[in-house]
Amino acid sequence: MSDTPSPGIPQWEIGPTLAQAWELFKANAGILIGGSVVIAVASGVFSGISQGVQVAAQQVGEDTAMVAAGLVSFVVGLLSWAVQTFLTLGYVRMMLHLVRGEPAAFGDLFSATPVIVAGLVASLLTGLATLAGTCLLVVPGVIVALGLLFANWVIVDQGLGPVEALKASWRLTSGEKGRLFLWALVVVGLAIVGGLACCVGLLVALPVAGLGTTIVYDHLARLKPRVG
């Protein structure tokens, strides 16, 4: 692999990235909002099942019921993680198509079957690495999270395995973590504003943030092309 940036490609900037993401969102609001709704509903369904089981067990009040409820909640949590990862990978594919001017469809949301195992393993490894960094000090945890930010994009776009995807993400973010941290603050700001708008604004804020992150990934993938 090569860390040498391709000549003629300028560095990305936060303002233009956000503006481009907004224009893409306006032009494709239907499938983006639809995808966000599906992801939110799936999360809500699993959360509701888990909470319902816990409430039922508390009403029974027996130890065996509480243990059973805990086991059910654990299984539901694993299923929720798998489904959310599957849908997120599909959403990444959709956004990559849009950013690159390629045909995109709502069905992209359900297209991640070939990469779901890699996505799940990468998600687990990312979580463990970030947790380890955070336990040392908060700053290392943030650095790790930023360095592994693009793992899902690499998996979907380049078809790499989980470990290779993490390495590729780290390579892409080399020298970019300061600016990516500022971008993360913008994403948090968008989420806060969207949440204040009766949470309906999240259906706009989150797709715009996702598109912006995809634009940054696409830019860095062209700036630091994979070799070998």
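Here the structure is a predicted model, which is why all the values come from computation and not from measurement. (Residues numbered from 1 in each chain as written. Predicted model: local features only at pLDDT ≥ 70, side-chain atom pairs only at ≥ 80, totals over all residues. Heavy atoms only, no water.)

A closer look at the side chain of Arg-93
Of note, Arg-93 is situated in helix H3 (residues 63–99). The contacts of Arg-93, once residues within four sequence positions are left out, are Ser-111, Val-115 and Val-156. (Helix = DSSP H or I, 4+ residues; strand = E, 2+ residues; numbered from the N terminus. Contact = heavy atoms within 4.5 Å.)

What to know about the nonpolar core
By size, the foremost hydrophobic cluster in this structure holds 48 residues, and its most contacted members are Leu-32, Leu-211 and Tyr-217. Per-element tally for this core: the top contributor is H3, with 10 residues. Leave out the neighbours within four places in its chain, and Leu-211 touches Ala-21, Leu-24, Phe-25, Leu-32, Met-95, Leu-98 and Val-99. (Core = buried A, V, L, I, M, F, W, Y, C linked by side-chain atoms within 4.5 Å. Buried < 20%, exposed > 50% of the residue type's maximum accessible area, 1.4 Å probe, protein only.)

Re the side chain of Asp-218
Relative to the elements of secondary structure, Asp-218 occurs in helix H9 (residues 202–223). Within the structure, the side chain of Asp-218 is placed 2.7 Å from the side chain of Arg-100, a separation counted as a polar contact. In this structure, Asp-218 is in contact with Val-99 and Arg-100, ignoring residues within four places of it in sequence. (Polar contact = N/O pair within 3.5 Å; in protein donor to acceptor, adjacent residues only side chain to side chain.)

Comments concerning the packing of H3 against helix H6 (residues 151–158)
The geometry of H3 relative to H6 is characterised by a closest axis approach of 9 Å and an angle of 70 degrees between their N-to-C directions. As far as their axial angle goes, H6 and H3 are roughly perpendicular. Relative to H6, H3 is oriented so that their crossing is right-handed. The segment H3 lies against H6, with Thr-88, Leu-89, Val-92, Arg-93, Met-95 and Leu-96 engaging Asn-152, Trp-153, Val-156 and Asp-157. The residue makeup of the contact of H3 with H6, split by class, is 6 nonpolar, 2 polar and 2 charged. (Axes fitted to C-alpha atoms, helices over the stretch in contact; angles between N-to-C directions. Parallel < 35°, antiparallel > 145°, perpendicular 65-115°, else oblique. Left-handed = near helix turned anticlockwise from the far one by under 90°. Nonpolar A, V, L, I, M, F, W, Y, C, P; charged D, E, K, R; others polar.)

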